[in-house]
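The chain contents come next:
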Amino acid sequence: MKNYGVWVGISLLLFSLFMVRESLKYPYYGEYGPGPGLFPLWLSGLMGVFSILFILDSLRKNNKIMFSEVLPKGAALVGVLKVVLSIFLFILISPFLGYIVSSIIVMLILLMPDFKWKISLSTAASVTIVLYVVFNLILDIPLPTNMLGW
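Keep in mind the model is a prediction, meaning the values are calculated, not measured.

(A) Summary view of unusual backbone geometry. Backbone geometry places Asp-140, a non-glycine residue, at a positive phi of 60°. Along the chain, Asp-140 falls in the segment after helix H5 (117–138). Assessed through its relative accessible area of 62%, Asp-140 is described here as exposed.

(B) Seen up close, the pattern of salt bridges. A complete count under the given rule lists 3 salt bridges for this structure. Two residues, Arg-60 and Asp-57, come together in a salt bridge whose shortest N-O distance is 3.1 Å. Here Arg-60 falls in the partly exposed class, since its relative accessible area comes to 44%. Three or more residues are tied together by salt bridges with common partners; here these are Arg-21, Glu-22 and Lys-25.

(C) Looking closely at the packing of helix H1 (residues 4–23) against helix H2 (residues 38–59). Contact geometry of H1 with H2 gives a least axis separation of 8 Å together with a crossing angle of 160°. Relative to H2, H1 is oriented roughly antiparallel. Relative to H2, the crossing made by H1 is left-handed. Of H2, the residues touching H1 (which contributes Gly-5, Val-6, Val-8, Gly-9, Ile-10, Leu-12, Leu-13, Phe-15, Ser-16, Met-19, Val-20 and Ser-23) are Pro-40, Leu-41, Ser-44, Gly-45, Met-47, Gly-48, Ser-51, Ile-52, Phe-54, Ile-55, Ser-58 and Leu-59.

(D) Region of the structure containing the packing of aromatic side chains. Counting across every chain of the model gives 2 aromatic pairs. Summarising the aromatic geometry, the rings of Tyr-28 and Tyr-29 are spaced 5.0 Å apart at their centres and angled 90° between planes, so their arrangement reads as edge-to-face. Taking relative accessible area as the criterion, Tyr-28 reaches 29% and is therefore assigned partly exposed. With a relative accessible area of 60%, Tyr-29 lands in the exposed category. Arranged with centres 6.2 Å apart and planes meeting at 85°, the rings of Phe-90 and Tyr-99 form a pair that is edge-to-face. On the basis of relative accessible area, Tyr-99 is assigned to the buried category, the value being 10%.

(E) Structural context of the side chain of Ser-16. Its location among the elements puts Ser-16 in helix H1. For Ser-16, a relative accessible area of 1% translates into the label buried. In this structure, Ser-16 is in contact with Ser-44, Met-47, Gly-48 and Ser-51, ignoring residues within four places of it in sequence.

(F) Seen up close, the side chain of Ser-44. Position of Ser-44 among the secondary structure elements: in helix H2. A polar side-chain atom of Ser-44 sits 3.2 Å from the main-chain carbonyl oxygen of Leu-41. Filtering out sequence-adjacent residues up to four positions away, Ser-44 remains in contact with Ser-16, Met-19, Val-20 and Ser-23.

Definitions and limits used
- Residues numbered from 1 in each chain as written.
- Predicted model: local features only at pLDDT ≥ 70, side-chain atom pairs only at ≥ 80, totals over all residues.
- Heavy atoms only, no water.
- Helix = DSSP H or I, 4+ residues; strand = E, 2+ residues; numbered from the N terminus.
- Buried < 20%, exposed > 50% of the residue type's maximum accessible area, 1.4 Å probe, protein only.
- Salt bridge = Lys/Arg side-chain N within 4 Å of Asp/Glu carboxyl O.
- Axes fitted to C-alpha atoms, helices over the stretch in contact; angles between N-to-C directions.
- Parallel < 35°, antiparallel > 145°, perpendicular 65-115°, else oblique.
- Left-handed = near helix turned anticlockwise from the far one by under 90°.
- Contact = heavy atoms within 4.5 Å.
- Phe/Tyr/Trp six-rings, centres within 6.5 Å; stacked < 30°, edge-to-face > 60°.
- Polar contact = N/O pair within 3.5 Å; in protein donor to acceptor, adjacent residues only side chain to side chain.

Have a look at this one:
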């Protein structure tokens, strides 16, 4: 079955069923009104209903979306693969090199083909520093460190 819409609808339906199950673990009503389970239950239930309607709509003959129409081709596919492989590279090297060095390397890989090296290096370093300051210093979220502690 190559109908992309049906597969997206099935994925959304399975996710909504999972969320319904998880929302039932929380009380529907709280001490002062709606509890923490009310909003997720209704949202996931509505998402399930809409995903069923989306599946039925995708099965109509004049409204089919095929995988070949949605998937990127050519340069767009290369760009998507470059981003996905860069994410995997970051996951692999960040425990050893730390957040700062890993982030700069990965951003250089992504930026160097399209920009001059000075712009790529300054962008990678400044974005890394800003994110480090926000997450590690301001929000106190620990980021991976290397042997030098940075």
